[in-house]
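Notes for the structure review
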Amino acid sequence: MRLPHNHSHLRGVIHVPGDKSISHRAIMFGSIAQGKTTIRHFLRGQDCLSTIDCFRKLGVHIEEDGQQITILGKGWEGLEEPKDILYTGNSGTTTRLIMGILAGRPFHSVLMGDESIGRRPMDRVVLPLREMGASISGRENGKFTPISINGGSLRSIHYKMPVASAQVKSALLFAGLQAEGTTVIEEMAPTRDHTEKMIKEFGGECIREGMTISVKGSQSFEGRDIYVPGDISSAAFFLAAGAIIPGSEIILKNVGLNPTRSGIIDVLKEMGADLELSDLSSNGEETGTIVIRYSQLKGIEIGGSLIPRLIDEIPIIALMATQAEGETVIKDAEELKVKETNRIDTVVGELKKLGADIESRKDGMVIRGKTALKGGKVSSFGDHRIGMMLAIAALLSKDPVDLDNPECISVSYPNFFDDLQKLI
Ligand code: S3P
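Residues numbered from 1 in each chain as written. Predicted model: local features only at pLDDT ≥ 70, side-chain atom pairs only at ≥ 80, totals over all residues. Heavy atoms only, no water.

In the annotation of an unreviewed UniProt entry, the entry for the protein chain reads 3-phosphoshikimate 1-carboxyvinyltransferase, and the organism field reads Bacillus smithii 7_3_47FAA. Database annotation for the protein chain, UniProt heading Pathway (unreviewed entry): "Metabolic intermediate biosynthesis; chorismate biosynthesis; chorismate from D-erythrose 4-phosphate and phosphoenolpyruvate: step 6/7." (UniProt positions renumbered as here; feature names shortened; annotations may be inferred.)

This is how it looks when you write it as structure tokens:
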């Protein structure tokens, strides 16, 4: 696809699509709850549609009416042994979180995703779930999909997570909610807490004390009306565009501002971006409006506990750094290697092709700015966030940029190019 290129003065208003992490969890909680759940402003991205598909195969009645979803839940016991493989597509969140649910269900199920899912580590969830008593097997002794689960009674554990991962934490919370006794999970750095929030929203109990989260077993839930706020990880592409494209002013409405997700705001501020937050509301999940205007950014160092708060934004932060004066160092971000692609390799490789001064490090990357970007042929490698980052990069190039495999962007932002057109 020939990307829009050589554009300045991006101006307009974007209504950010629903949050991917929250949309997945709303389907999951609605499916294990008793009674009716409605979800408004649901993200109709491929990943969340995979989650709907899996729960339908597990016997849950789910109706779709555009961005409004209705689920008629029958509780944990309402889940039935699937007659078919549960296909999770490109979605790590679907694959890992559903394992925690199925580990406690007394039937057999098989999980399988696309080629990217087949390369992503599943043992980070399989090993602790086995400790809880689930019988799970998979390729290379449970490291990779296809994964086969024979669920049943679970015992609680006290688990110190070796990685900062909300997917691992959430899978273990789902298992802990079905186990005997209290499950305690220790995080090494705070990760997104949507699962904890939703446990409470659906009438359950979950306690955080410092870095530990505990849930009692045998909890049941009741259906709810859920509104999904806009996804800050999708907003991030237009926040970056506004900050680095001369003459721009972009207004982003209804952005989710959960503090465990808002690291990108901290980074923009530290880089010297011209940004204003307004309409702040904190009814469950925090939201607000962000106005971003072009300004000259400066390079900064990003690492430590900030990384889990912006892990999905690192590709677009790397692009911003190419337009900042000085050096930007991104460290402590090894987790990038096990995302939809190895994002250290794909970000560095593709931005280099466009003329960036960028080098990979074992736990991140170093970017020196400011560099003019040029045209060329690039690829998303099937990774939605790499595709969107390259589409923003192309706006800065005088010469054409051709993107291979733009279709994958529908995983998290099906209307991305329509929204981009509104600003040009
Ligand atoms: C997610 C957690 C993060 C993130 C992913 C969504 C979630 O993954 O990168 O896009 O919804 O829990 P990890 O838990 O593997 O860090």
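Quick word on the site of the ligand
Every residue lining the ligand is accounted for by Ser21, Arg25, Thr93, Arg96, Ala164, Ser165, Ala166, Gln167, Arg192, Ile311, Asp312 and Lys339. Here an oxygen atom of the ligand sits 2.7 Å away from a polar atom, N or O, in the side chain of serine 21. Glutamine 167 places a main-chain nitrogen or oxygen 2.8 Å from an oxygen atom of the ligand. Secondary structure elements with two or more residues in the shell around the ligand: α1 (20–32), α3 (92–102) and α6 (166–176). In terms of residue class, the shell around the ligand is made up of three nonpolar, four polar and five charged. Lining the shell around the ligand are residues from two domains, each supplying at least three of them: domain 1 (2–17 + 229–423) and domain 2 (20–227). (Near = heavy atom within 4 Å. Polar contact = N/O pair within 3.5 Å; in protein donor to acceptor, adjacent residues only side chain to side chain. Helix = DSSP H or I, 4+ residues; strand = E, 2+ residues; numbered from the N terminus. Nonpolar A, V, L, I, M, F, W, Y, C, P; charged D, E, K, R; others polar. Domains from an automatic or database assignment.)

What about the side chain of serine 262?
Within the secondary structure, serine 262 is located in the loop between β14 (249–256) and α9 (263–271). Assessed through its relative accessible area of 9%, serine 262 is described here as buried. Only 3.3 Å separates the side chain of serine 262 from the side chain of arginine 309, close enough to count as a polar contact. (Buried < 20%, exposed > 50% of the residue type's maximum accessible area, 1.4 Å probe, protein only.)

So, α9
Within α9 the residues assigned to the buried category are Gly263, Ile264, Ile265, Val267, Leu268 and Met271. Where the residues of α9 are buried, they touch α8 (232–244), β15 (274–283), β16 (285–293), β17 (301–302), α10 (314–322) and β18 (326–330). Immediately beyond the C-terminal end of α9, within one or two residues, lies glycine 272, with a positive phi of roughly 95°. (Contact = heavy atoms within 4.5 Å.)

Considering unusual backbone geometry
Generally, phi is negative for residues other than glycine and the peptide bonds are trans, each holding for most cases. Residue threonine 145 is joined to proline 146 through a cis peptide bond whose omega torsion reads -5°. Tracing the sequence through the fold places proline 146 in strand β8 (residues 144–150). Look at the link from glycine 369 to lysine 370: it is a cis peptide, with omega at 10°. Among the secondary structure elements, lysine 370 is positioned in the loop between β20 (364–369) and β21 (376–379). Backbone geometry at histidine 41 places phi at a positive 60°, although glycine is not the residue there. Positionally, histidine 41 belongs in the loop between β2 (34–40) and α2 (46–57). At asparagine 254, a position not held by glycine, the phi torsion is positive, near 60°. For asparagine 254, the position within the fold is in strand β14. Classification of asparagine 254 as partly exposed rests on a relative accessible area of 22%.

Thoughts on the pattern of salt bridges
Per the counting criterion, the structure on display carries 32 salt bridges. Through salt bridges that share partners, Arg120, Arg192, Asp312, Glu340, Arg343, Asp383 and Arg385 make up one connected network. (Salt bridge = Lys/Arg side-chain N within 4 Å of Asp/Glu carboxyl O.)

Section: the side chain of threonine 93
Positionally, threonine 93 belongs in helix α3. Overall, threonine 93 belongs to the buried group, its relative accessible area being 6%. Excluding anything up to four places from it in sequence, threonine 93 contacts His24, Arg25, Met28, Ile98 and Gln167.

Looking at the packing of α2 against α3
In contact at an axis separation of 10 Å, α2 and α3 are set at 30° when each is read in the N-to-C sense. On the basis of the axis angle, α2 is roughly parallel to α3. The handedness of the crossing between α2 and α3 comes out as right-handed. Here Asp47, Ser50, Thr51, Cys54 and Phe55 of α2 lie close against α3, whose contacting residues are Thr94, Ile98 and Ile101. In terms of residue class, the contact of α2 with α3 is made up of four nonpolar, three polar and one charged. (Axes fitted to C-alpha atoms, helices over the stretch in contact; angles between N-to-C directions. Parallel < 35°, antiparallel > 145°, perpendicular 65-115°, else oblique. Left-handed = near helix turned anticlockwise from the far one by under 90°.)

Some details on the UniProt feature "binding site: 3-phosphoshikimate" (unreviewed entry) in the protein chain
The positions UniProt marks with the feature "binding site: 3-phosphoshikimate" (unreviewed entry) are Lys20, Ser21, Arg25, Ser165, Gln167, Asp312 and Lys339. Here lysine 20 lies in helix α1. What makes lysine 20 buried here is its relative accessible area of 8%. Once you skip the residues sitting within four places of it in the chain, lysine 20 turns out to touch Leu43, Asp47, Cys48, Asp231, His384, Arg385, Val411 and Ser412. Mapped onto the elements, serine 165 comes out in the loop between β9 (158–160) and α6.

Structural notes on the packing of helix α11 (residues 343–353) against helix α12 (residues 384–395)
Between α11 and α12, whose axes approach to 11 Å, the crossing angle comes to 25°. One finds that α11 runs roughly parallel with respect to α12. Relative to α12, the crossing made by α11 is right-handed. Residues Arg343, Thr346, Val347, Glu350 and Leu351 of α11 touch α12, and the partners they reach there are His384, Arg385, Ile386, Met389 and Leu390. The residue makeup of the contact of α11 with α12, split by class, is five nonpolar, two polar and three charged.

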